[in-house]
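This is what each chain is made of:
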Amino acid sequence: MRQGEVGAVMIVSPTYHGVVSDVAAIAQVCHAHGVPLIVDEAHGSHFAFSGRLPAAALDRGADVAIQSTHKTLGALSQASMLHLRGSLVPRPALASALRLLHSSSPSAVLLASLDAARHQIMSTAGRTMLEAAIDLALSARLRLAAIPGIQVFTRDSLRSSSEASRGAVDAEDAAGVDLDAMRVTVRVDGLRLHGLSTEALLNQRYGVFPELATHKALAFVVTIGTTQRDIDALVSAFADVSARTVALHGCGVDVDSSGDGDKRCWQDVWSACEQVMAPRDAYMSAPPHVLPLADAVGRIACEVVCPYPPGIPVLVPGQRITQHAVDLLRDVICVGGYVSGCTDTSMSSLLVVRDEHVRTSNFADVPLAAGVRMLFDVLTQHLERPCASHVAHSPPPPARQSSSCITLTFLPPFPLWDRDIGQTILPA
């Protein structure tokens, strides 16, 4: 692939919160430039089996869709499927790329569970179970919305957010954005509660476990295994939390009274990052220097620091550590979140590059990880096409002159709900 060309566009749809991109519109733009659209549809393996759910990515024009069958259907954990349609992605090339990543000893148990899940959902009983699960999710959403201080995310609020973020587009333009009816997202900041501390309370006191907790909201997944008893427990837990909070504290408990958590936008941290060394050079620099977190500002990180939420690294090897990033990491720990990838997960210290003057390669010339680069090279070796326009809801940040954009990953607009969204451009 030559510099300045796009080999493929990759999007995540749906998100953890069930937000579905306008895949049809994105596919139309991609195909107008002869570029295939790859959809990470990990949370949408059930879409094709009910008319009350968003259309599946392949039905909306995607060329490749990857689904985690274990997330929303009945397969065992790690069991997933890759679906292909059309001719933009050559089947032999895709098969060759998969062989680079596959184990030579695949699990027969996982493969059998995929076949069992397929058989179950395609049967009459499976369809009946799916429709019942959708009914449970809809009833949960209505009952939760009636609880004081609780706000429930709906298709209407999604489309309102989409229109607001895109500059008052008409209803037809926003119609392609959709919401998975089986995801129930609840905002708790109306009670002045933090999402992470609310998650801990639900776990410990009520035995209720959300799929995802962020600063303002919690997302719950309703599946074919969910029962009415589960929904009753969910609603009862939130009703009790609301009643206790309002009774004891009036307008609620302000977990983050300074408001700093809201001011420190994740997007600001990512956009301000400065990569000053190649990740390999920083990671392999030995021996690293251990510094207290406060003293690490301005130094170069030599380890990955990935807070949850949102599960996206704030620091990677070779990146300059900023005060903004340090403050954000402290906030995550303070409210009960956790950090992975680094040596000291309590965030008392960080590993930094000892000698910042040692450079063995120019970062602008460093390729993607070998496996990822090989995968895209195989997929795009026959795609000699001009660069497609950026497909995003907001303008992308300036790209390095020495880089070519090979994939775009973005999430649909979610501005009124949380800030755990972003746009990523991977340089080749």
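See the structure shown above.
Residues numbered from 1 in each chain as written. Predicted model: local features only at pLDDT ≥ 70, side-chain atom pairs only at ≥ 80, totals over all residues. Heavy atoms only, no water.

Undergrad: Hey, could you run me through the nonpolar core in this one?
TA: Residues L130, L144, I150, L202, F220 and F238 are the most contacted members of the largest nonpolar core, which totals 39 residues. Every element with two or more residues in this core is listed here: α5 (124–145), β8 (183–187), α8 (195–206), β10 (217–221) and α9 (228–249). Counting residues per element, this core draws most heavily on α5, at seven residues. Each residue touching I150, except ones within four places of it in the same chain, is listed here: L144, A145, V186, R187, V188, L191 and F238. Residues L291, I321, A325 and L328 belong to the second largest nonpolar core, which totals 19 residues. (Core = buried A, V, L, I, M, F, W, Y, C linked by side-chain atoms within 4.5 Å. Buried < 20%, exposed > 50% of the residue type's maximum accessible area, 1.4 Å probe, protein only. Helix = DSSP H or I, 4+ residues; strand = E, 2+ residues; numbered from the N terminus. Contact = heavy atoms within 4.5 Å.)

Undergrad: Just checking my understanding: could you explain helix α13 (residues 323–334) for this structure?
TA: Each full turn of the α-helix corresponds to 3.6 residues, which orients residues three or four apart in the same direction. Helix length check: α13 (12 residues) gives 16 Å between terminal C-alpha atoms against 16 Å at 1.5 Å per residue, within 8%. All of the buried residues in α13 are A325, V326, D327, L328, L329 and V332. (Expected span 1.5 Å × (residues − 1).)

Undergrad: Would you explain the sheet that holds strand β3 (residues 37–40) in this entry?
TA: Each strand in a sheet pairs with its neighbour through backbone hydrogen bonds, running either in the same direction (parallel) or in the opposite one (antiparallel). A sheet is described by the order of its strands in space; here four strands give the open sequence β1-β3-β4-β5, paired in mixed fashion. What marks the edges here is a single partner per strand, and that holds for β1 (9–12) and β5 (81–84). The sheet shows a mean angle of 15 degrees between the axes of neighbouring strands, direction not considered. Sheet topology note: the strand β4 (residues 64–67)/β5 ladder contains four bridges and is antiparallel. From the neighbouring strand, Q67 faces β5, where its bridge partner is M81. Seen against the sheet, helix α1 (residues 23–32) touches β1 and β3 and runs at an angle of roughly 150 degrees to β3. (Pairing = 2+ DSSP bridges. Axes fitted to C-alpha atoms, helices over the stretch in contact; angles between N-to-C directions.)

Undergrad: What exactly am I supposed to notice about the pattern of salt bridges here?
TA: Any two side chains of opposite charge can pair, given that their charged atoms come close. According to the stated counting rule, one finds nine salt bridges in the structure shown. A salt bridge links D232 to R143, with the nearest nitrogen and oxygen atoms 2.8 Å apart. Highlighted residues: D232 in helix α9 and R143 in helix α5, separated in sequence by 89 residues. For D232, a relative accessible area of 32% puts it in the partly exposed group. Take R143: its relative accessible area is 34%, and that puts it in the partly exposed class. Each of R52, E131 and D135 takes part in one network of salt bridges that share partners. (Salt bridge = Lys/Arg side-chain N within 4 Å of Asp/Glu carboxyl O.)

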